[in-house]
Amino acid sequence: MEPTPQVSHGDGDHERFAHYVQKDKIMASALDGTPVVALCGKVWVPGRDPKKYPVCPMCKEIFESMAGGGDDKGKGGDKK
Ligand SMILES: [Zn+2]
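Residues numbered from 1 in each chain as written. Predicted model: local features only at pLDDT ≥ 70, side-chain atom pairs only at ≥ 80, totals over all residues. Heavy atoms only, no water.

**Quick notes on the overall build of the protein chain**
What counts here: The helix and strand labels rest on DSSP assignments: H or I over at least four residues marks a helix, E over at least two residues marks a strand, and numbering proceeds from the N terminus. Under the scheme applied here, a residue whose accessible area is under 20% of the maximum for its type counts as buried, over 50% as exposed, and between as partly exposed, the area being computed with a 1.4 Å probe on protein chains only. We call two residues in contact when some of their heavy atoms are within 4.5 Å. We get accessible surface area from the Shrake-Rupley algorithm with a probe of 1.4 Å; when it comes to residues, only the shown protein chains can shield them.
Scanning the protein chain from N- to C-terminus turns up two helices and four strands. Within the span of the protein chain, comprising 80 residues, buried residues form 25% of the whole. Restricting to contacts in the protein chain with at least 6 residues of sequence separation, those with at least 24 account for 42%. Accessible surface, the protein chain: about 5,700 Å² in total, of which carbon and sulfur atoms supply 55%.

Encoded structure:
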């Protein structure tokens, strides 16, 4: 159920990023061709090999804030 990078394409913009999407959404999309929604809010139908592209900075930031919410942050005094 971890978000995995997927590439956006074919929707008019020329950015080439791998966006983070829930894995079960990707599998559902592969079955019936429905678009997926990335963590950053981008909607598209995945199709290309995401390994060629850099990870979307916005997705990465959101993913890291989700994943790291309680490790070394938020303990003790909770100072920022
Ligand atoms: Zn993104």
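**Comments concerning the environment of S65**
So the rule is basically this: Polar contacts here mean pairs of N or O atoms no more than 3.5 Å apart (in protein, one a potential hydrogen donor and the other a potential acceptor; neighbouring residues in sequence count only if both atoms are side-chain atoms).
Within the fold, S65 resides in helix α2 (residues 57–67). Within the structure, the side chain of S65 is placed 2.8 Å from the backbone oxygen of I62, a separation counted as a polar contact.

**So, the confidence of the model for the protein chain**
Basically, it comes down to this: pLDDT: the predictor's confidence for each residue, scored from 0 to 100.
Per-chain confidence: the protein chain averages 75 in pLDDT, with 65% of residues scoring 70 or above. Mean pLDDT in the protein chain bottoms out at strand β1 (residues 3–7), which sits at 69, and peaks at strand β3 (residues 36–37), which reaches 91. Confidence drops under a pLDDT of 50 for residues 10–14, and excluding neighbours within four residues, the segment shows five contacts in the predicted structure. Of the regions scoring below 50 in pLDDT, residues 73–80 engages in two contacts with residues more than four places distant in sequence or in other chains.

**Side note on the coordination of the zinc ion**
Where we set the bar: Shown as donors are all N, O and S atoms within 2.8 Å of a metal ion, widened to 3.2 Å for Na, K and Ca; because water is not in the atom set, sites may appear incomplete. Under this scheme a four-donor centre is tetrahedral when all angles range from 85 to 135 degrees, a four-donor centre is square planar and a six-donor centre octahedral when opposite donors are above 155 degrees with the rest from 65 to 115, and any other centre is irregular.
At this site the zinc ion is bound by H19 (ND1), C40 (SG), C56 (SG) and C59 (SG), with donor distances of 1.9 to 2.4 Å. For the zinc ion, the four donor atoms are set out with angles of 102 to 118 degrees between them, so the coordination reads as tetrahedral. Mapped onto the polypeptide sequence, the residues donating to the zinc ion form the spacing pattern H-x20-C-x15-C-x2-C. You can see H19 sitting in strand β2 (residues 18–22) and its partner C40 sitting in the loop between β3 and β4 (43–44), a full 21 residues away along the chain.

**Here we look at the packing of aromatic side chains**
For clarity, the threshold we go by: Note on aromatic pairs: the rings of Phe, Tyr and Trp (six-membered ring only in Trp) are paired at centre separations within 6.5 Å, and the planes decide the class, stacked below 30 degrees, edge-to-face beyond 60, tilted for the rest.
Within this structure, the stated rule accounts for one aromatic pair. With centroids separated by 4.7 Å and ring planes inclined at 20 degrees, the aromatic side chains of Y20 and F63 adopt a geometry described as stacked. Here the residue Y20 occupies a position in strand β2, and F63 occupies one in helix α2, the gap between them amounting to 43 residues. In this structure Y20 comes out as buried when scored by relative accessible area, which is 12%.

**Quick notes on the pattern of salt bridges**
Selection criterion: Within this document, salt bridges are pairs made up of a side-chain nitrogen of Lys or Arg and a carboxyl oxygen of Asp or Glu, the two lying within 4 Å of each other.
Overall, the coordinates contain one salt bridge when judged by the stated rule. Of the charged contacts in the structure, one is a salt bridge between E64 and K60, with a shortest N-O distance of 3.8 Å. With E64 and K60 both in helix α2 and four residues apart, this pair spans about one turn of that helix.

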